[in-house]
Amino acid sequence: MNISIILAAGEGTRMKSKIPKVLHRICGRPMLEYVLRASNKANIEKNCVIVGHLADMVKDEFKDWDIAFRTQPMGEEYPYGTGYAVMQAMDYIEDNSNVVILYGDTPLIRDETIKKLIDYHEENNYDGTVLTAHLEDPTGYGRIIRDQKGHILKIVEHKDATEEELNIKEINSGIYCFKGKDLKDALGKITNDNAQGEYYITDVITILKEEGKRVGAYVIEDSNEIHGVNSRVQLAFCERIMRNRINYRHMENGVTIINPENTYIEPDVIIGKDSIIYPGAIVAGRTIIGEDCIIGENCRIENSKIGKGVKIYSSTITESTVDDGCTIGPYAHLRPNSHLGKNIRIGNFVEVKNSTIGDNSKAGHLAYIGDADVGKNVNIGCGVVFVNYNGRSKSRSLVEDNAFIGSNANLVAPVVVKKWGYVAAGSTITEDVGEGCLSIARAKQVNKDGWVERKGLKERE
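**Q** Before we go on, may I ask you to explain helix α8 (residues 232-252) in this structure?
**A** Within an α-helix, residues lying three or four positions from one another point in the same direction, as the helix has 3.6 residues per turn. A rise of 1.5 Å per residue sets the reference length of α8, with its 21 residues, at 30 Å; its end C-alpha atoms lie 30 Å apart and thus fit the reference within 8%. What α8 keeps buried is the set L235, C238, E239, I241, M242, R243, N244, R245, I246, N247 and H250. G254 sits one or two positions beyond α8 and adopts a positive phi of about 100°.

**Q** Can you walk me through the state of the cysteines in this structure?
**A** Any covalent bond linking the sulfur atoms of two cysteines counts as a disulfide. Overall, the coordinates contain zero disulfides when judged by the stated rule. With no disulfide of its own, C293 has C326 as its nearest cysteine by sulfur position, at a separation of 9.8 Å. Since its relative accessible area comes to 1%, C293 is described here as buried.

**Q** Looking at this structure, I do not really get the packing of aromatic side chains. What am I missing?
**A** The geometry of an aromatic ring pair is captured by the separation of the ring centres together with the interplanar angle, meaning the angle of the planes. The tally for this structure, following the rule as stated, stands at seven aromatic pairs. Between Y120 and Y126 the ring centres are 5.7 Å apart and the planes differ by 40°, which places this aromatic pair in the tilted class. For Y126, a relative accessible area of 13% puts it in the buried group. One aromatic cluster is present, formed by Y120, Y126 and Y218 through successive ring pairs. Directly above the ring of Y92 sits K46, whose terminal nitrogen or CZ lies 4.9 Å from the centroid. The aromatic ring of Y389 is capped on one face by K394, whose charged end is 6.0 Å from the ring centroid.

**Q** Looking at this structure, how should I read the nonpolar core?
**A** In summary, soluble globular proteins display a tendency toward joint burial of nonpolar side chains. In terms of nonpolar packing, the biggest core is built from 64 residues, with I5, I101, I114, Y176, L183 and V204 touching the most fellow members. Not counting residues within four places of it along the chain, the set of residues in contact with I5 comprises C48, I50, V86, A89, I93, V99, V100, I101 and L102. Counting 59 residues, the second largest nonpolar core, distinct from the first, contains C27, L235, I295 and V415.

**Q** Would you mind showing me how to read the pairing of strand β8 (residues 143-146) here?
**A** In terms of strand pairing, β8 meets strand β9 (residues 152-156) through four bridges, oriented antiparallel. Across the sheet, the residue bridging to I145 is K154, located in β9.

**Q** What's the story with a nonpolar patch on the surface in this structure? I'm lost.
**A** Nonpolar side chains collect at one region of the surface, where F404, W420, Y422, L438 and I440 lie side by side and expose about 530 Å² of accessible area between them. One can find L438 in strand β41 (residues 438-439). Accessibility expressed as a relative area gives 57% for L438, which makes it exposed.

**Q** Is there a simple way to explain unusual backbone geometry in this structure?
**A** Among all residues except glycine, the phi angle is most often negative; among peptide bonds, the trans geometry is most common. With an omega of 5°, the peptide bond running from G329 to P330 counts as cis. By the element assignment, P330 lies in the loop between β24 (327-328) and β25 (333-334). With omega at 0°, the peptide bond leading from A413 into P414 counts as cis. With respect to the element layout, P414 can be found in the loop between β37 (410-412) and β38 (415-417). Although it is not a glycine, Y331 adopts a positive phi angle of roughly 65°.

**Q** Which parts of the structure should I look at to understand the sheet that holds strand β12 (residues 256-257)?
**A** Within a sheet, each strand pairs with its neighbour through backbone hydrogen bonds, oriented either parallel or antiparallel. Strand order across the open sheet formed by eleven strands is β12-β15-β18-β21-β24-β27-β30-β33-β36-β39-β41, with parallel pairing between neighbours. Pairing within the sheet leaves two strands with one partner each, and these edge strands are β12 and β41. Across two bridges, the pairing between strand β30 (residues 362-365) and strand β33 (residues 379-380) is parallel. Pairing of K362 across the sheet is with N379, part of β33.

**Q** What's the story with the side chain of T106 in this structure? I'm lost.
**A** Among the structural elements, T106 can be located in the loop between β6 (98-103) and α4 (111-123). Each residue touching T106, except ones within four places of it in the same chain, is listed here: V35, E225, I226, H227 and G228.

Basis of the calculations
- Residues numbered from 1 in each chain as written.
- Predicted model: local features only at pLDDT ≥ 70, side-chain atom pairs only at ≥ 80, totals over all residues.
- Heavy atoms only, no water.
- Helix = DSSP H or I, 4+ residues; strand = E, 2+ residues; numbered from the N terminus.
- Expected span 1.5 Å × (residues − 1).
- Buried < 20%, exposed > 50% of the residue type's maximum accessible area, 1.4 Å probe, protein only.
- Disulfide = S-S within 2.5 Å.
- Phe/Tyr/Trp six-rings, centres within 6.5 Å; stacked < 30°, edge-to-face > 60°.
- Lys NZ or Arg CZ within 6 Å of the ring centre and 35° of its normal.
- Core = buried A, V, L, I, M, F, W, Y, C linked by side-chain atoms within 4.5 Å.
- Contact = heavy atoms within 4.5 Å.
- Pairing = 2+ DSSP bridges.
- Patch = residues over 30% accessible without salt bridge, like charges linked within 9 Å, V, L, I, M, F, W, Y side chains within 5 Å.
- Areas by Shrake-Rupley, 256 points an atom, 1.4 Å probe, with all protein chains shown as cover.
- Salt bridge = Lys/Arg side-chain N within 4 Å of Asp/Glu carboxyl O.

Here it is in structure tokens:
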């Protein structure tokens, strides 16, 4: 069995934040989630997360995940270090398992890398295997000390390294694979006799070597994968890499992204081939976009389903559904629970909320459609407002097929406009409009001759 122990107890003081470091988000997901996803995809059956600082917040964020949590005591009276953190999961480690040590603040680690580490560990029958990398600037990382034959002798932490050891470019990623029994035995023997007074997981490697155990090293191909996050600057670095990974994946699947560096797409988004994404677009959550769509500049689409051949320009769509062939924007806003049928036109400065609109209908500009059910082939004129709120509760309006709502009309819910009903421009409708009727609800125009002169308004010139 393959199991993981993921260290996520750190406070992350350099983040200067009120939330745990591992909950800071990259492309809309907590850092820890990326590590868990990679672990699961690498055929690891059980995950144990070591929490400490603000532990309840981490547990609550992942309450629906199949995770075992262990809490590391925090405070000056308790020792620190990666070794001490792993000790909290001693009861979780099975003797005959492969135990992979991961970190909740290294979100760029790939599942392929974890799987290769495990495979390398098993194929060579190692008792412990270290994931290493070569860095031009290894400052801050533990150094890999090898003998003349290239075998690992030990790992020296940066703060404990000699001048000669500091010149070594091969570093310890902090990620390991151990045989379960060997890890438990070695954890019982490590001490905190070092410059920091901490229990280092690296000392497990030294103990295994001293006991004649086999220790190997698997060198990672892309050192960016082990980049840890300890500051907002490092968070932004990982965000940029993750965003590029996501964007390149979509481009490889047949999506055109005009400017990948200026396009934000979250990891669960699905986009059909031959769709085009313009700069400034934000596509978030579990959004699905069909084939042959145009997502114009500065759009935001979140947790929505977009059909085929849809064109969206500079608009916001949240938790809504748009069927095939629609055109939206610019500057339209589809708020939650909006459902558009096929070939609908939603124009500039039109807002739709909690409403359904049937095929081939259109609202060209400056309208509010809230809590309404609009049929097919309906025209909604400029300035139309569906008046859905009376100060205490909201009510729905129904506009049936082929109706025409003239400009600057108000439909005061609850109200029904029947099929082929026409509402004259400027009307405020408070009663149902019958099928095929023209409804005019405005005062008769009255012209008062000489009114300006009588009021003396011309004297202001």
